[in-house]
Every structure is written in C-alpha cells, then in structure tokens.
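Given next are the chains, with one letter for each unit.
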Amino acid sequence: MATDQASLMALEGLMTEFFGLATSNSRKHDIETILGNFGQQRGAWKQCLYYLAHTHNSYVSMYCLTTLENIINKQWVGLMPEERTEIRSTLYRFVLENHKVAPYYIRNKLVKLVVDIARLSWPHFYPDFFTNVLSLSRSPDTVVLCIVFLQTISEELACPREELSYSRRTELRRLLSQQVPTMLTLLSGLLEGVVEKHKNAVTATPPPSPTHSHSHSPSRSGLSSSPIQTGSLLSNMFHSLESGPTVRMGWVLPPLDPESETIASLALNCLTHLFSWIPLSSLITPHLLNTIFLFASLGADPQHNRHHNGLVEKNCVSGESLGVLAMGAINEIMSKNCVPHDFEDFLLQMFRNTFHLLQRLVREEPNTTSRLQLLDPSYIDKFSEFLRLFVSVHLRRFENNSQFPVLEFLALLFRYTFRQHCVEAYFNCLDVWSIFLDHLSAKAQGSQERAGITRYTDALISLARGILHKIQHRHNQAELEELDHEIREEILENNNAYYGELGDGEDVSEWHSFFTRNLELVAKIAELLPDEIFSLVYEPWNDATKIYLSLQSNMVEQDGRRRLNISAEHECPRLHCLLRDLSSLLQAIGRLSTLFLGEELPKRSTTAVQVIDKLVQMANYSTGLKLFEVQTAVEVLHSDFVEVHAQVLSTLRAWVHWLSQLYGQQFVQVFPGGTQTHQHQDTCHTINKQMLVAATSILNVGAPPLIVNCGVQLLLSLSVMVRSPVALEMNQVQSLYVQAPSILSDLKVRGLILRALVNFLLLPWPSFVVDHKLDTRKHHLTTFINSFTSDIRKLDVQRLADDKSMQESLAPKLCDTLSIIQYQVGELNNTDKASRELYYHCVQDVIHQAILLFPIYVQHTSVCEEILALMVVVMQVLRVQLGAVRVEATIQTFLDVFTTRHHLQLAITTDNPAAVRVVDKFLKLLELIVSEPGQSFKRFIPNTITLCMDHIYPIVSDHTSPEVKSPLFELLRCLLEHNWKYFFKPSIHISLGAGNWDSIENEAQFIQIMQAFGQSFMQPDITIFKHNLEAMESLNSKYKLYHKGVFRNSLLVHFITVLLQVLVHRSQDLLQEEITITVYNMAAVDFSTYFGAFVPHFLQNMDGLDADQRTALKANFKTDTDLPTFTQNVQRFINDLRYYRTCNASLPPGTVKL
C-alpha cells in the first residue's frame, strides 16, 4: 500500500510539473516518455484503478482514464476473464459513487469506458449492462447519469469508431435497435416529467392568437410587411399544436430550475443523436414530438424566460439553450429524405407546430423593432436550418396538400427574412428562398405549365421588392453604412467579369458580398417573372438617373474648375445615398440584361434600346462634365461620382452581349442574287458607335484608373463580341492606332487597348457586310503589330547572348510584348481559318524570335515562363499555321535546352515558384504534342518518355509537393491515351483472331510508366492518387489495360496488393469507393484466380494474422462477382482484417492463441 501511495505521489508530481509554466519542452518530452512507458506495462490497469480511487488531481485522473481506455480498446482480448471483470465492476462502481462530485469531463470519460467494455462484451459477457443503465432512471440521484449513459451508448454502439469485426458491428446495431423503443419511452417520460413538474408553478397569461395581426414598425420602410395576406387556413394550421396532449391552451412552460434544465438538455441532446440514425417510424410518437416542440418554443420567447409575472427569476436559467437543443432534434428528423408514406401525416403535424413558432418569432415586441434581435443567434441558425430542410427536402410533398397553406408559410418566411439583424442570418434566409426558386424553376421547365407558378407571383414580387429595398440606402441606410465599402482599382483579365463583380470570398468587400447575394436572388426571381422584376429595377433607376443628369444646374465655375454647389448638412448625405443607390441600380440593370437575350430579344428590343440610350447619355454626361474632377463639400461625394461613372461603363459592357445578338445572322434577309441586308443594321451601327465613343472618350481626359479600366474593358468587349466595320470608320478609334503603341500608362491598360485594336482589324465581320476590306485590314494589321513588336524583331540574338546587362534591360519589354501576343492568339481559338492565317502572317517573326531567345533566357524565369506560355497557346491555336517542320524544330529546341546543363533538374529542385511554373508549362507543351493524332510528332514520344522517366520522375518521385508531379502524370496519361499503338500495335492477324493479343512493343518503357503510377499509390498525396486512379480506370475502359498480358502477368498482383494495403492502413479513406471499384475491375480480369489464388497469397503475406484468422478471412470472403456485393464483401474483408490485427497487437508476448 505504501508503495502504491508513493508511486501516486510521484505521478501527481510529474503531472503537476508537466503542466507547470516553467517546465521546458525537453523536460515535457521526458515526462511523456516516462508516462508512455508506464502505460505499456503489463498490469498497469491495476495501478490506474488505485490512482483513480485515491487521487484528487484531475490531471492524474484523466491520465489514468486515458491509459485504461487504451487498454480496453487495444489489450482487452489479452486480459484474463477475472481481470476484465475487475476492471468493469470497478469502473462502474466508481462512476456510481462519484458522478455527482466528479467534474463532468471525468464523469463522461468514465461512462465512455464502461460503454467501451459493453461494446466488446455485451450481452455475452456483460448481460446486465443495459438493465443496469435503465435502472438508473428510477432514482432522482442517478437520472442524469442514466441519460449520459444512453447518449454515450448511442454514439459508441450505433456506429462504433474503434475497430470491430463486421459481424460484431451488425450484432451491436441489431441489439441496440431492439432497445430503441425503451430508450425513446424513457427519454420522453423524463421530458414530460419536467413539464409536469413546472406546469403548476405559475398561471401564465394566454399568448396572442396565432392569427392576430401585428403592426409593423414604420422605421423598417416596408421591409417587414408583405402583400401576402394570411387567411383562415393559418388558424387551422396551428390547431394541432395548441390542442396537443402535452400543451394546454393558454399555458406556456415557465422557467426551469437548474436540475430540470440539466435533465431536459441532456435528454434533448440524446434524442438528437438517436434521431440521426434510427429510421422514421411509429417509434417517434406525436406525444414525444409535441413535448420537443414545447421546449423549442422556449427559444422563441426570451422575455418570458427572463421575466415572469413582472418578477426576475434569479434562481432559474434561461431557456434559450433548451430551445436550440430542441430545434436540433427537430432538424435531425427533417434531414431525412426517405419518408415512409404513413409518416407524411406526422410530418405535416411537425410543420404546423414549427410554423406556430415561426409566427411567434416574427411577432414584434414592445419598444423594439423585432423580437428576433432578442433571441440567441444559435436558435435563429437552427430555425433557419429547419426552414432550409423543409423547403429543400419536404416542400414538394406538401405543396399541393389542402391542409398545408403554402402562401401563408411564404408570408411568414418573408417577415422572418427581413426582420433579421445579423447579415449571416439574413444570408441563411436568402438561401432558403434560393432553394424555393430552384424548385419553381424546375417546375416551369418540366412537363407542368408555367401556370403552376402563377399562384406565387405576388409572393415573388414582394420578395424582389423587399430585396431591392434592402440594398438601397434610401430604405436601409443604417445597415448598409455599417458594411465595408471599398472601391477596387484593378483591371480584370477575365472578359466575363464586370466592375462590381470582382470575385468571391476574401477578394471582395463586405458590401460587395452583401450586394451580390441579394442581386443574384433578384436575378433568379427575374428568370420566372422577367417583365415584373425588370420594372421594379427600372423605375427607381430611371428616377435616380433623372436627378443625376440634372446635377449640372448645381455646379459653378471657380478658379477654372467646377464645384458642386451643394453643401447643406442634410443635402450632402441625401446626394451620397442617391449616388450609392444609383451605382447599385446600374449594376442591377446590367445583371438583368440577360433577360433580353435569345428568344426574348425581338419582343424586348425597344426597351433594350431605351436602356442603352440612357446609359450612353450618362456616360457622355459624366465624361463631358468630368465629374471625377468636380470639387465637392465632402470627400465621399468625389468617390461616389467616380464609382457611378465606372459603373455606367461597366453596365454598358454588360449590354454588349445583347448588341452582339442583335447583329446576329437570324436578322439577315437574303434576296435573289445573293444580296444580304440586316433588319437592324442602322440600329446596331448607331449603338455600336455610341458605345465606342463612351469607351474611347475617357482615355485621354485624365480620368482615375478605375474609370479608365472600365472604359478599356468596354472597348475590348466590343472588339471581341461586336464585329463590324463601324469601329475602323471612327476618328476616335483611328487615333488610338497611332497613340496606343507609345502609351506609357499602366501596362495592363496598354495591353488591353492593343488587344482590342488588333481584334478590330483581325476578327471577321458579319456576312451581310458588303465589303470586308481584307487587303486593307491585312496591311494595317501588319503595320500596327510591327509598331509594338519592332524592338523584338530587330534584336541581334548573338549580341544579346553575349551581353548580360542588355538581357536584363530587355526582359520587361519582352514579357510585356509576349504577353500581349499570347492573349491575342488565345482570342483566335474560336475564329475561322482565315483570321488565324492572317494573324500568324503578322506575328510569325516574333514567334520565331521568341524560340531563338529561349536558350538565352532559360535561367530568367519570368521571360522563360512567358515564352513557354506563348508557345502553349500557339500550339493550341496556330499549330496548323506553324507547320509540322517548325513545330518539330521548336520542340527539339526546348528538349535540347532542358536536357543539357541540367536546367530542368535545377528548375525542379529550386524553391522558386516561377521556375516550377516554367516546368509546368513545358510539360503542358509536351502534352499538346503527344496528344496530336497525326504521325508528324510521333518521333517525339521516345524522347518525351525518356525526359519524363529518366530526368524528371527520379527527382520528384519522393517529393511530397505536387506542383511538378501533377502535370507530369497528366502528361503520362495523355501519352498513353493518345499513343496506345506505340505500345500495342494492332494487325490484320490480331483483328481476325489469329494473332497474339498480348504482343507489346517498347515493353520496358510501358512497365516503367506503370510502376510510376503504382509508386504514387504508396504516397500520401490524395490529389495525385485520385488522378492516377482515374487515369488507369480510363485506360482500362478504352483499351482493356488490365487485360493486357504484360499488365496481367507482371503488374496486376502488385497493383491489387498496394490498393488493398491502402484500404487496410486507411491512408486514403476519402477514396475508399474509387479504390474498391478499381480493385473490382482488376479482379474481373480473372475472378477465379483472384478468389482462389490472390486472396490466400495476400493473406499469407499480411503481417499480424495467425493461421486460423487467415482461414476465417478467406472463408468469409464471398465470391460474388457483381459490383455492389463485391464492394460490400471487400469492405467486410478489410474491416475484419484490421480488427484481427488490432486484437493480435494487444496480446502479450508468448500468448498461445487457440
């Protein structure tokens, strides 16, 4: 005893020292080693039980419990029966004696250890386990412990986390399912007991009628009201809740004492976990559900929980947490998509009960805008989650049910949405509406007619109006001013993005994220009700535009500059709000331009022309007055003017797509003799000129970068999407051809202007244009491209190779020019052959010069990267024009450079990301070459394989970084997929069945590639693993890879072995399904060999198994050959194998296994 006491004191000293602030990391490591060695000793459990009973140090208690947990989970099989009994009885006795005084985490850990023992022993060696647990509910002292046991049982036995055999898992699930009715009855009784205990505590005043109308605060400016009116159905809808067996009419659950709340909290938590895995059935009774809803209602009445009959209940705790837990239990039921038919009436009752809560949530409180701001945010999140689950999973079941008032539900949801005071909670509501709109869109596109959504017209218009109010300062200034609003001054290379749509996530401001979420929902509503929603946006935009266009009357000249003569304290904020709203409405007008495309274009063209005319008027007005230079009384107005001007140009850009469709071939009339005219030619040309003037006039007036960027983006969009002779006839565009090559402003701006000007000359005009002026355009294009590429064309390559300083000074110019050409070549991807040939004629000297410069700049990563990026896009777009001879010479140049002087190895081994990008682009270039179907480039296949397998793969094979591995394996996949005949050549004899299907050429290279794929399956990178698994499956699907003799005889066994070991060691758990399917396809080559020879061989070479276990595993592995059953059998096989290995590892050395 003295020895045990002394060792306990030593352990307490170690634990105190370990957690002491002065203890060094090295000393902590030493203590960890000592404690770890102690836990591995035979019989350590005895000392742990002694320490647990005699210590008051919580660190020591948790250490002992953790050690016992390890013994139970990993050494239980190796203990003698009497030792197991002693551990079990001691732990159970200890938890009974100390559950009230021990910290909750000690109590919960003790409970888990007892349940862990039951997981291994119940009912065979622990028959009274469940009886003991249930008996705890009979005593008030142990009822809390009973609930903790029940939840732990649900967590640990329904889906065991530790290794168990498949049969034991199945047995536990079956045994536990038999106990579910008893568990639900017990928990329901406990909750009902809490209700009964408190029902006579006070006499509560009756709550308002669910159909009682509530006034709405005028300060919300219409956001809280809806034209959807509730009717008599709403009253019937809540009848079930108010007349249920648990709820008494006019009675509300009073505040609970701490003991009752503890019981209720634990019971609701336990029910939530049970609902997560038990099926929907009659086990979930209306009585239980009504009780849960009664607790859920606590979260909806914060004032009632804090005050009762005017007195503060100091000894009672708030019921909000109970409301959150109850809603969590309800949501677990709601999340089940598979609903038995006889359960639907039960769900309808659930929805009625929940909508009663929703009605209470949107009821306004005295002296506050909304009661929602008084509630626990977690409760709001849970309730929004319920609404999302209802709309996404269950609405389709009850939409046409006469007992379910869907319009009244939407009215409540509307009020709930626009009374949220937290942005994230509001977004959650928008997600619910988005799901509802997706449901309506699916109905409109399906077999049902659009009449099916007519009933929702008023609701959707109300929603759109509410959202538009939400994003306008005139209606919602206080909330919008709290959001971060930052003007972004950058150019987007993505032509499909507009100012105000600069990105997602962390790249945008709070305001942009808020605005975009709202606007996208309005656009989704507009897809269903285009005319109505566009009118809602157009009217306030038109009103704001009129005021904007009248601002000149409030300007005066002062010292040669215009000054806005508005300085009154109340006028400046009003103008600020107007300009912000105008910018927002402009973006909305641009977003809704898609409503005018396609089939809708002819009938809405008049409105579209009116919108564009007004936008052009705003652009010219802003540029003419130089509003970005106007002096204002407050600085914020200057920023507002800049933003509005930029947004006008960006909105015009959004309508360019409409203009390109108006130019479309469907409006061309062909007359006898082949003459063509376009119905809207004059309109198209007029609008095109107006837009071009708006885009070009901003370039030379000293506008801020943001406005210039938007103007240049508009110019580029017009050059790509609207191809007409108008641009070349305009003086503003012609002058740019002279100015652009020498523009010294932002390089990106210059690049975009050059790309637009090249497009005007290069891209084909519509067929109805009489004279395409091809020769003139070709001459001007050649001259123009020469003007900004002449420096590269005239380079003396030999002199440059000898002059390092010259190389450095020219590098920025090279990168700039090559980048511009790269983008221009990319824009030719979808054009005709003539345009490609024309452009190649103009830039072929630059391309050839770039190839010559590559060896010089091979160690200059930025230039090298631009050259390779250019060559990649050239190979994609201009490969035919380049010609086979030039392509071969180019690729050979790159190969020679990279494979000599170890440039490739140096690039890969350095930590320079730019160097890695160079290798990436080079591999992409090779990928394009090996993917060519013709014979011209087949001679590069041997060199490509040599480069990959002898120069690159040895360097990256053991690296964890995927930057080079990913493109390397993609290159190898393309090489195999597009050059299968390089390895397996067909012949007439083979096709007639007289040859050897397994004949192979270049066998060594094929095996080398396959071994690289196999090696990747032994490494942790899941991205590479998945890519290569899919690549092999694709090759097998196309070419029967697994059936080829060389694979079947030399590689198949190794691949299956590696994949099964991956499953055993759980190194790629996320890909279990994909791995199992691959194993199935490999086994399908010869199932009899797989079951009869491979499986025994695999088991024989698997460590940690004895002979009997190997025999059992082989016998239990069913020989089914259909994929679903095979998959289940593999999962069971792997699970049991892991279980046996775990058990064997727990046995002490020298144990005799029977």
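It should be emphasised that the depicted structure is a prediction, and the values quoted were computed from it without experimental measurement.

A.B. asks: Could you give an account of the overall build of the protein, with specific residues and numbers?
C.D. replies: A tally of regular secondary structure across the protein gives 54 helices and 6 strands. When the 1154 residues of the protein are sorted by exposure, 55% land in the buried category. Within the protein, contacts between residues at least 6 apart in sequence are counted, and of these 76% link residues at least 24 apart. Within the structure as shown, the protein displays about 50400 Å² of accessible surface, and the carbon and sulfur contribution to it stands at 51%.

A.B. asks: Give a detailed account of the packing of aromatic side chains, specifying residues and quantitative values.
C.D. replies: This model, assessed by the stated rule, comprises 67 aromatic pairs. For the pair Tyr-737 and Phe-784, a centre-to-centre distance of 5.0 Å together with 80 degrees between the ring planes defines the contact as edge-to-face. A residue pair is termed long-range when its members are at least 10 positions apart, and Tyr-737 in helix H32 (residues 731–739) and Phe-784 in helix H34 (residues 774–793) qualify at 47 residues. Judged by relative accessible area, which is 17%, Tyr-737 ranks as buried. The interplanar angle of 10 degrees and the centroid separation of 4.7 Å between the aromatic rings of Trp-980 and Tyr-1039 together place this pair among those described as stacked. One end of the pair, Trp-980, is in helix H45 (residues 980–983); the other, Tyr-1039, is in helix H48 (residues 1022–1039), with 59 residues separating them in the sequence.

A.B. asks: Any chance you could break down the environment of Phe-18 for me, citing the residues and the numbers?
C.D. replies: With respect to the helices and strands, Phe-18 occurs in helix H1 (residues 2–18). Its relative accessible area of 16% is what places Phe-18 among the buried residues.

A.B. asks: Any details on helix H24 (residues 530–549)? Residues and values, ideally.
C.D. replies: Over its 20 residues, H24 runs 27 Å from end to end, which matches the ideal 28 Å to within 8%, given 1.5 Å per residue. Lining the buried residues of H24 we find helix H21 (457–470), helix H23 (510–528), helix H25 (571–591), helix H26 (605–625) and helix H27 (635–654).

A.B. asks: Any details on the side chain of Thr-545? Residues and values, ideally.
C.D. replies: Locating Thr-545 in the fold gives a position in helix H24. The residues contacting Thr-545, other than those within four sequence positions of it, are Leu-582, Lys-614 and Met-618.

The rules behind these values
Residues numbered from 1 in each chain as written. Predicted model: local features only at pLDDT ≥ 70, side-chain atom pairs only at ≥ 80, totals over all residues. Heavy atoms only, no water. Helix = DSSP H or I, 4+ residues; strand = E, 2+ residues; numbered from the N terminus. Buried < 20%, exposed > 50% of the residue type's maximum accessible area, 1.4 Å probe, protein only. Contact = heavy atoms within 4.5 Å. Areas by Shrake-Rupley, 256 points an atom, 1.4 Å probe, with all protein chains shown as cover. Phe/Tyr/Trp six-rings, centres within 6.5 Å; stacked < 30°, edge-to-face > 60°. Expected span 1.5 Å × (residues − 1).

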